[in-house]
Amino acid sequence: MQAIRTWLNERGYLEVSTPTLSPDLIPEPTIQNFSTRLISEFLGEREFYLIPSPEIHMKKIIGEIRRSIYQFSRCFRNSEQVGSLHNPEFTMLEYYTVDCDDESSIAITEELIGTTALPGCPKELLPPFKRMTVNEACSTYGNFDLDHLQDIGKLREKARSLGFPIEDHTESWEATFNRLFLNLVEPRLPQACPLVLCDYPMQIECLAKRKAGTFYRRRWELYAKGVEIANCYDEETDVQVIKDYYRRHYAMLASQRAPLHQVIPDVDEHFADYFGSSYPQSSGVALGFDRLLMLELGLDNLGGVILFPLSDIIL
Amino acid sequence: MIKAGQIDKGTALLIKGQPFICVEREFVNPGKGSAFVRLKLKSPSTGQTLRETMKTQDNAEDITVEDRDCQYLYNDGEMFHFMLTETFEQIEIPMTSFPDYQYIMKDGETYRVTFWEHSPLDIQVPAKVIFTVAEAEEAIKGDTVTGATKMVTTETGLTVRVPIFIKQGEKILVNTETKEYLERVNK
């Protein structure tokens, strides 16, 4: 951790420390949240949430100070399987580089991991990183080409021909894509060196910019020894796009969770207003620090790097 | 029918007419995507393994199974021989279906065996088992490096990496899934 701090400090990144308790979160229907209650004798009670990532605060800071920042923060994700690769409370290293895009972030991450790796780190974790687009991976390992499967009917037909009958006719493009990706592609991804899988399908909605003239987004994920360890966006700054994302994803999240009585976090309706023409171009990387450490030590279980892992308590 | 998200380790499923037992289950949320469950299924009769990744909302055909107490008698190199404690009936289970169980199960001990339509599907071994150290190398004098370990063999033939202070005849608690030493048992 100290080596990473030194590396980032020397390159002009400012270390920040933002709250773990937040009155609102970015709506992300696929991440379940922890909620807790703030009780004040004078101000009454209010629901607060444990952050699943420090993104919400760090993006506000970038808009204010317009420089590259990072932090190690405790993050919380509920309803994930407690076990070798997941602990509901974990440490994330998140670094945002201004005037930088997703491409340049690959080189930054490559140098960061290469320079700060622990002695004896397995070579499968060290540079050079192999780069591949999601569609190249799908074509190579899954025998399907996303460029020609943008229509949901065609994607379902392809899924059927590959042995995955889709029974639910309301299944989204994203879900059918992930069904094929997880079954046919991910298990075959090369593991001899770190792999950057870039250009994710635009249908997987997130706050990463669209890649103009393509069906993809400026987003990549880093896999090492088959484990996802980092996720990067070329950060969306268009106010209207962010507003639309908030509106649609909050509606989706609320409709999915209300019948199941799951936590529906509040959202800040004015979050999009932090962006706009003066907001700097930036690229953010969220790196699972515990997973990185686990792999650098040649381990296959987070229990080797997290003290008092939840798996020891509840399993 | 059950939802794929409800499948747990030990759940018995019928796939293309053949019974399978779930031996590993992992929930996966592909980056910003819907919830999936990754399953490793094993056919107890053939030893064949299947890997399936399903949406948690997908349907799967589960089968009703029955657990019965069986005393483990011995193995003959090909088959595990058990006796049903209720009826004294003897049954055989191919060792290839549970390749490492010969080093975990103890002769004469009773285990829960899962049956489907009178055929044994699964042997349930406890997650943690106390073994006696049958063979252990002597600690080398002067070897005081913190965290030093050595290999020992249990009475069942399981080899386990243990801290250097463990001696022959001592009892140790072992995780039967990872085969890792957990602690010395002082009783």
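Residues numbered from 1 in each chain as written. Chains lettered and ligands numbered in written order. Predicted model: local features only at pLDDT ≥ 70, side-chain atom pairs only at ≥ 80, totals over all residues. Heavy atoms only, no water.

Draft legend 1. Inspection of the overall build of chain B at higher detail. Counting its regular elements, chain B contains 0 helices and 16 strands. Counting only C-alpha atoms and orienting by the principal axes, one finds that chain B spans roughly 60 × 55 × 25 Å. Evaluated residue by residue, chain B yields a buried proportion of 42% over its 187 residues. Pairs at least 24 apart in sequence give 43% of the contacts found in chain B among residues at least 6 apart. When the accessible area of chain B is evaluated, it comes to approximately 10300 Å², of which 48% is carbon and sulfur surface. (Helix = DSSP H or I, 4+ residues; strand = E, 2+ residues; numbered from the N terminus. Buried < 20%, exposed > 50% of the residue type's maximum accessible area, 1.4 Å probe, protein only. Contact = heavy atoms within 4.5 Å. Areas by Shrake-Rupley, 256 points an atom, 1.4 Å probe, with all protein chains shown as cover.)

Draft legend 2. Quick look at the pairing of strand β5 (residues 69–76) of chain A. Residue and element names in this part refer to chain A. For β5, the tally of buried residues reaches 7 of 8 residues, placing the bulk of the element in the interior. Judged from the 2 bridges that link them, strand β1 (residues 14–15) and β5 form a sheet pairing that is parallel. If you follow E15 over to β5, its bridge partner there is Y70. Relative to strand β6 (residues 89–98), β5 runs antiparallel, the two sharing 8 bridges. Residue pairing in the sheet places Y70 in a bridge with Y95 of β6. (Pairing = 2+ DSSP bridges.)

Draft legend 3. Region of interest: the domain arrangement of chain B. Residues and elements named next belong to chain B. You can read the domains of chain B as domain 1 (2–60), domain 2 (66–124) and domain 3 (128–185). Computed over C-alpha atoms only, the centres of domain 1 and domain 2 are separated by 24 Å. Contacts between the two partners involve 8 residues from domain 1 and, on the opposite side, 7 residues from domain 2. Carbon and sulfur atoms make up 69% of the area that domain 1 and domain 2 hide from each other, which totals about 640 Å². Together, P19, I21 and P44 form the three largest contributors to the area buried by domain 1 at its contact with domain 2, with a combined 59%. Our enumeration of links across domain 1 and domain 2 arrives at 0 salt bridges. Across the contact surface, domain 1 and domain 2 share 1 residue pair in polar contact (both at pLDDT 80 or more). Mapped onto the side of domain 1 that touches domain 2, the elements with two or more residues apiece are β2 (12–15) and β3 (18–28). (Domains from an automatic or database assignment. Buried area = accessible area lost by both parts, 1.4 Å probe. Salt bridge = Lys/Arg side-chain N within 4 Å of Asp/Glu carboxyl O. Polar contact = N/O pair within 3.5 Å; in protein donor to acceptor, adjacent residues only side chain to side chain.)

Draft legend 4. Focus on helix α7 (residues 239–257) of chain A. Residues and elements named next belong to chain A. Over its 19 residues, α7 runs 27 Å from end to end, which matches the ideal 27 Å to within 8%, given 1.5 Å per residue. When we look at burial in α7, the residues that qualify are I242, Y245, Y246, H249, L253, A254 and R257. All buried residues of α7 lie within an arc of 140° about the axis, which places them on one face of the element. Turning to α7, the residues buried within the fold contact α2 (55–65). Two or three places before Q240, at the start of α7, stands the capping residue D238, its side-chain oxygen 2.9 Å from that residue's backbone nitrogen. (Expected span 1.5 Å × (residues − 1). Arc of directions from axis to C-beta.)

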